[in-house]
Amino acid sequence: MPKLRITEIFYSLQGESASVGWPTVFVRLTGCPLRCGYCDTTYAFKGGEWREFDEILDQVASYGARHVTVTGGEPLAQADCPALLSALCDAGYEVSLETSGALDISGVDPRVSRVMDLKTPSSGELERNLYSNIDHLTVHDQVKFVIADEADYEWSKAQVEQWPLTGRCDVLFSPVAGTLPPTQLADWILRDRLAVRFQLQLHKLLWGNEPGR
Ligand code: SF4
């Protein structure tokens, strides 16, 4: 029976991405090979508990939700993560995966909506971006830029143009909470007529930084 190291499984509202606002079960896998400067889930770097798939699926089912998000940490750092994603799809859920963009997404079940970061300069992890992932993005996926300042914004704008991302999938621009005023980012997007989707993290507006929310 495959196992995964799990930090927490909890029920909340999806705070970002295309499924924002839906009641969602979050399965947070332990561990991440990156160390982004703005990381808000450092508690998931270590610890956690090994849990078998059956046990994970039973807890997910107990909430009666239609949406499930597998997140981290970096979920793809655990080899059995793609198998869990497929098992969740087989069980009939709308499944999304939140991933850093540093690991290969090509083995992820195409039924899963992949929400993939491209790390901005201020993250300190720019060199970890695996740009070959972009070729695997479809209209079912989203690419996300977490933006701390004007340099991040200009870099993100250049990436959107270079690949070009808006023709492949939804592009999300999100301000780093407490660092970049959201209105500033909104004004830049409108000024430059970008076809990207502005995001605020709904769960932070509702509950702050409380883990398990
Ligand atoms: S990839 Fe995500 S979990 Fe890992 S350090 Fe960066 S923000 Fe934190």
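Reading the values: the criteria
Residues numbered from 1 in each chain as written. Predicted model: local features only at pLDDT ≥ 70, side-chain atom pairs only at ≥ 80, totals over all residues. Heavy atoms only, no water. Helix = DSSP H or I, 4+ residues; strand = E, 2+ residues; numbered from the N terminus. Rg over C-alpha atoms; globule rule 2.2 N^0.38 Å. Buried < 20%, exposed > 50% of the residue type's maximum accessible area, 1.4 Å probe, protein only. Near = heavy atom within 4 Å. 1 Å grid on protein atoms, 1.4 Å probe; cavity = no way out; pocket = protein on both sides within 12 Å on 5 of 7 lines; lining within 4 Å. Sits in = over half its atoms within 2 Å of the grid points. Nonpolar A, V, L, I, M, F, W, Y, C, P; charged D, E, K, R; others polar. Expected span 1.5 Å × (residues − 1). Arc of directions from axis to C-beta. Contact = heavy atoms within 4.5 Å. Pairing = 2+ DSSP bridges. Axes fitted to C-alpha atoms, helices over the stretch in contact; angles between N-to-C directions. Core = buried A, V, L, I, M, F, W, Y, C linked by side-chain atoms within 4.5 Å. Polar contact = N/O pair within 3.5 Å; in protein donor to acceptor, adjacent residues only side chain to side chain.

**Q** Tell me what's going on with the overall build of the protein, and back it up with residues and numbers.
**A** Across its full length, the protein carries five helices and nine strands. Going residue by residue from the N terminus, the α and β elements of the protein occur as β-β-β-α-β-α-β-β-β-α-β-α-β-α. A compact globule built from 213 residues should have a C-alpha radius of gyration of about 17 Å, and the protein, at 16 Å, falls within 12% of that. Its C-alpha atoms give the protein principal-axis dimensions of about 50 × 35 × 30 Å. Each of the 213 residues in the protein was classed as buried or not, and the buried ones make up 49%.

**Q** Hey, could you go over the site of the ligand for me, with residue numbers and the actual values?
**A** Around the ligand sit Cys32, Leu34, Arg35, Cys36, Cys39, Thr41, Phe45, Gly73, Ser100 and Lys119, and those are all the residues in its vicinity. Cavity membership is defined here by more than half of the atoms lying within 2 Å of grid points; on that basis the ligand lies in the largest pocket. By residue class, the composition of the shell around the ligand is five nonpolar, three polar and two charged.

**Q** So what's going on with helix H3 (residues 150-162)? Residues and values would help.
**A** Since the α-helix turns once every 3.6 residues, residues separated by three or four places project in the same direction. Compared with the 18 Å implied by 1.5 Å per residue over 13 residues, the 18 Å span of H3 between its first and last C-alpha is a close match. Within the span of H3, buried status applies to Asp152, Tyr153, Trp155, Ser156, Gln159 and Val160. The buried side chains of H3 occupy one side of the element, clustering within an arc of 165 degrees when seen end-on. In this structure, H3 carries Ala151, Glu161 and Gln162 as exposed residues pointing more than 90 degrees from its buried face. The inward-facing, buried residues of H3 contact strand E7 (142-147), strand E8 (170-175) and helix H4 (182-191).

**Q** So, the sheet that holds strand E3 (residues 49-52): which residues are in play, and what are the values?
**A** Sheet architecture is open: nine strands sit in the order E3-E1-E2-E4-E5-E6-E7-E8-E9, paired in mixed fashion. A single partner strand is all that each edge strand has here, and the edge strands are E3 and strand E9 (197-198). With six bridges joining them, E7 and E8 adopt parallel strand pairing. Bridge pairing in E8 places Ile147 opposite Pro175. Each of strand E1 (3-13), strand E2 (23-29), strand E4 (67-71) and strand E5 (94-99) touches helix H2 (residues 81-90); the most contacted strand, E5, lies at about 155 degrees to it. Against the sheet, H3 touches E7 and E8, its axis set at about 160 degrees to E7.

**Q** Could you give me a rundown of the nonpolar core, with the residues and numbers involved?
**A** By size, the foremost hydrophobic cluster in this structure holds 43 residues, and its most contacted members are Val27, Ile56, Val70, Val143, Phe145 and Phe173. The greatest single-element share of this core, amounting to five residues, is contributed by H2. If sequence neighbours within four positions are ignored, Ile56 has contacts with Leu4, Ile6, Ile9, Val27, Arg51 and Leu84. Counting five residues, the second largest nonpolar core, distinct from the first, contains Leu34, Cys36, Phe45 and Ala102.

**Q** So what's going on with the side chain of Asp152? Residues and values would help.
**A** Among the structural elements, Asp152 can be located in helix H3. In terms of polar contacts, Asp152 uses its side chain to reach the side chain of Thr120, at 3.3 Å. The contacts of Asp152, once residues within four sequence positions are left out, are Thr120, Pro121, Ser122, Val146 and Ile147.

Without other data, these values stay purely geometric and don't point to any function.
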